[in-house]
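# Summary of structural features
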Amino acid sequence: MNIFRLTGDLSHLAAIIILLLKIWKTRSCAGISGKSQILFALVFTTRYLDLLTSFISLYNSSMKIIYVGCAYATVYLIYAKFRATYDGNHDTFRVEFLVVPVGGLAFLVNHDFSPLEILWTFSIYLESVAILPQLFMISKTGEAETITTHYLFCLGVYRALYLFNWIWRFYFEGFFDMIAIVAGVVQTILYCDFFYLYVTKVLKGKKLSLPA
C-alpha cells in the first residue's frame, strides 16, 4: 500500500458515493448512462472473484465488497427504482462493440491462461473503456449536470493516481504489470478532454458540455 493507491481508492469511492447520492437525493438518474454502470458492475464482478478463493487483508476485501455492492445498487436504482427517469433515448452506445473485442483480447493477451486470470484481465481491459457510453451520452445531450461532472472527475483522478501507483511500485517494489499500466494509460487519455472542460468550465461555475 502506498499513498497513491490509497488516495486513488478513496477518489474511486468518492465517485461512487457521489453518483449514488445524486440519484437518491434527486430521485432521478437523468444524465447517467445505465450502460456504463452495467459495464462497471461487470468489471467488478469479474475482477473480484478472488474474494471466493483468497484473503489478502480486511481493507482489500472490504473495498472489493463495497465496489461490487455499490455497482449493483446503482444498476438497480437506474433500471428498477427510478427507471421512469432513465434517458434511454440518449444512452445508445453499442456496448457489444466494447465487450466482444475486450473479451477476445483478454483471451489472447493475459498473464496466465486460467479462468480467473482471463476474467481479471478482461476486467482491466473493460474498465479502461467502460466510461465511453457515459461520455457518448453527454456528447449527445450536449451537457451534463454539475454533480455528474464531479463524479466523472473523481473517476478520472482515481485512474490518474493509479498510474502513479504503478510507477511507485516499479521503483520501490520492482513490480511491473504491463496490462494494468497500458489499460490505465488508455483510460486516463479518455478523460483528458473531460479534465480540460471540467477545469475551464465547471470550476468556473459554468455548465459542462462536450463537443458533439
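Residues numbered from 1 in each chain as written. Predicted model: local features only at pLDDT ≥ 70, side-chain atom pairs only at ≥ 80, totals over all residues. Heavy atoms only, no water.

Before going further, it helps to spend a moment on the environment of Trp-120. Tracing the backbone through its elements, the reader meets Trp-120 in helix H5 (residues 115-129). The partly exposed category is assigned to Trp-120, whose relative accessible area is 22%. Each C-alpha atom of the pair Trp-120 and Val-43 lies 8.5 Å from the other, and the pair is 77 residues apart in sequence. Beyond its immediate sequence surroundings of up to four residues, Trp-120 is in contact with Thr-46, Arg-47, His-111 and Asp-177. (Helix = DSSP H or I, 4+ residues; strand = E, 2+ residues; numbered from the N terminus. Buried < 20%, exposed > 50% of the residue type's maximum accessible area, 1.4 Å probe, protein only. Contact = heavy atoms within 4.5 Å.)

Here we come to the UniProt feature "transmembrane region" (unreviewed entry) in the chain. If you check UniProt for "transmembrane region" (unreviewed entry), the listed places come out as residues 65-82, 94-113, 119-138, 150-168 and 174-199 in our numbering. Secondary structure over residues 119-138 splits into 90% helix and 0% strand, and the C-alpha atoms at its two ends are 30 Å apart. Annotated as residues 150-168, this span is 100% helix and 0% strand, and its ends, taken at the C-alpha atoms, are 27 Å apart. (UniProt positions renumbered as here; feature names shortened; annotations may be inferred.)

Our focus in this paragraph is the packing of helix H2 (residues 34-47) against H5. Two numbers describe how H2 lies on H5: the axes approach to 8 Å, and their chain directions differ by 150°. Judged by the inter-axis angle, H2 sits roughly antiparallel to H5. In this structure, H2 meets H5 at a crossing whose hand is left-handed. Between H2 and H5, the residues in contact are Leu-39, Phe-40, Leu-42, Val-43, Thr-46 and Arg-47 and Leu-119, Trp-120, Phe-122, Ser-123, Ile-124, Leu-126 and Glu-127, respectively. Class assignment of the residues belonging to the contact of H2 with H5 gives a composition of 9 nonpolar, 2 polar and 2 charged. (Axes fitted to C-alpha atoms, helices over the stretch in contact; angles between N-to-C directions. Parallel < 35°, antiparallel > 145°, perpendicular 65-115°, else oblique. Left-handed = near helix turned anticlockwise from the far one by under 90°. Nonpolar A, V, L, I, M, F, W, Y, C, P; charged D, E, K, R; others polar.)

In terms of nonpolar packing, the biggest core is built from 57 residues, with Tyr-151 and Leu-155 touching the most fellow members. Those elements that place two or more of their residues in this core are helix H1 (3-26), H2, helix H3 (58-81), helix H4 (96-108), H5, helix H6 (132-141), helix H7 (146-173) and helix H8 (178-200). Considering every element that reaches this core, the biggest residue donor is H8, with 9 residues. The residues touching Leu-155, leaving out its near neighbours within four places in the chain, are His-12, Ala-15, Phe-40, Ile-131 and Tyr-191. (Core = buried A, V, L, I, M, F, W, Y, C linked by side-chain atoms within 4.5 Å.)

Our next topic: the packing of aromatic side chains. Going through the model one piece at a time under the given rule, you end up with 20 aromatic pairs. Geometrically, the ring pair formed by Phe-153 and Tyr-198 is stacked, given 4.3 Å between the ring centres and 5° between the ring planes. Of the two residues, Phe-153 is situated in helix H7 and Tyr-198 in helix H8; the sequence distance between them amounts to 45 residues. The exposure class of Tyr-198 is buried, given its relative accessible area of 6%. The structure contains a cluster of three or more aromatic residues connected by ring pairs, namely Phe-153, Tyr-191, Phe-194, Phe-195 and Tyr-198. Here the guanidinium or amino end of Arg-27 rests over the ring plane of Trp-24, the centre of that ring lying 4.5 Å away. (Phe/Tyr/Trp six-rings, centres within 6.5 Å; stacked < 30°, edge-to-face > 60°. Lys NZ or Arg CZ within 6 Å of the ring centre and 35° of its normal.)

What follows covers the layout of surface pockets. Empty space among the atoms can be located by rolling a probe the size of a water molecule over them. In this structure, the largest pocket occupies an estimated 790 Å³ of space. Listed by contribution, the elements that provide at least two residues to the lining of the largest pocket are H1, H2, H3, H5, H7 and H8. Looking at side-chain class alone, the lining of the largest pocket contains 17 nonpolar, 9 polar and 10 charged residues. (1 Å grid on protein atoms, 1.4 Å probe; cavity = no way out; pocket = protein on both sides within 12 Å on 5 of 7 lines; lining within 4 Å. Points joined across faces, edges and corners; volume = space filled by probe spheres on them.)

Residues Phe-164, Ile-167, Trp-168, Phe-170, Tyr-171, Phe-172, Phe-176, Met-178, Val-182 and Val-186 make up a contiguous nonpolar surface patch of roughly 1000 Å² in combined accessible area. Those elements that place two or more of their residues in the nonpolar patch are H7 and H8. As for its placement among the helices and strands, Val-186 is situated in helix H8. For Val-186, a relative accessible area of 35% gives the class partly exposed. (Patch = residues over 30% accessible without salt bridge, like charges linked within 9 Å, V, L, I, M, F, W, Y side chains within 5 Å. Areas by Shrake-Rupley, 256 points an atom, 1.4 Å probe, with all protein chains shown as cover. Salt bridge = Lys/Arg side-chain N within 4 Å of Asp/Glu carboxyl O.)

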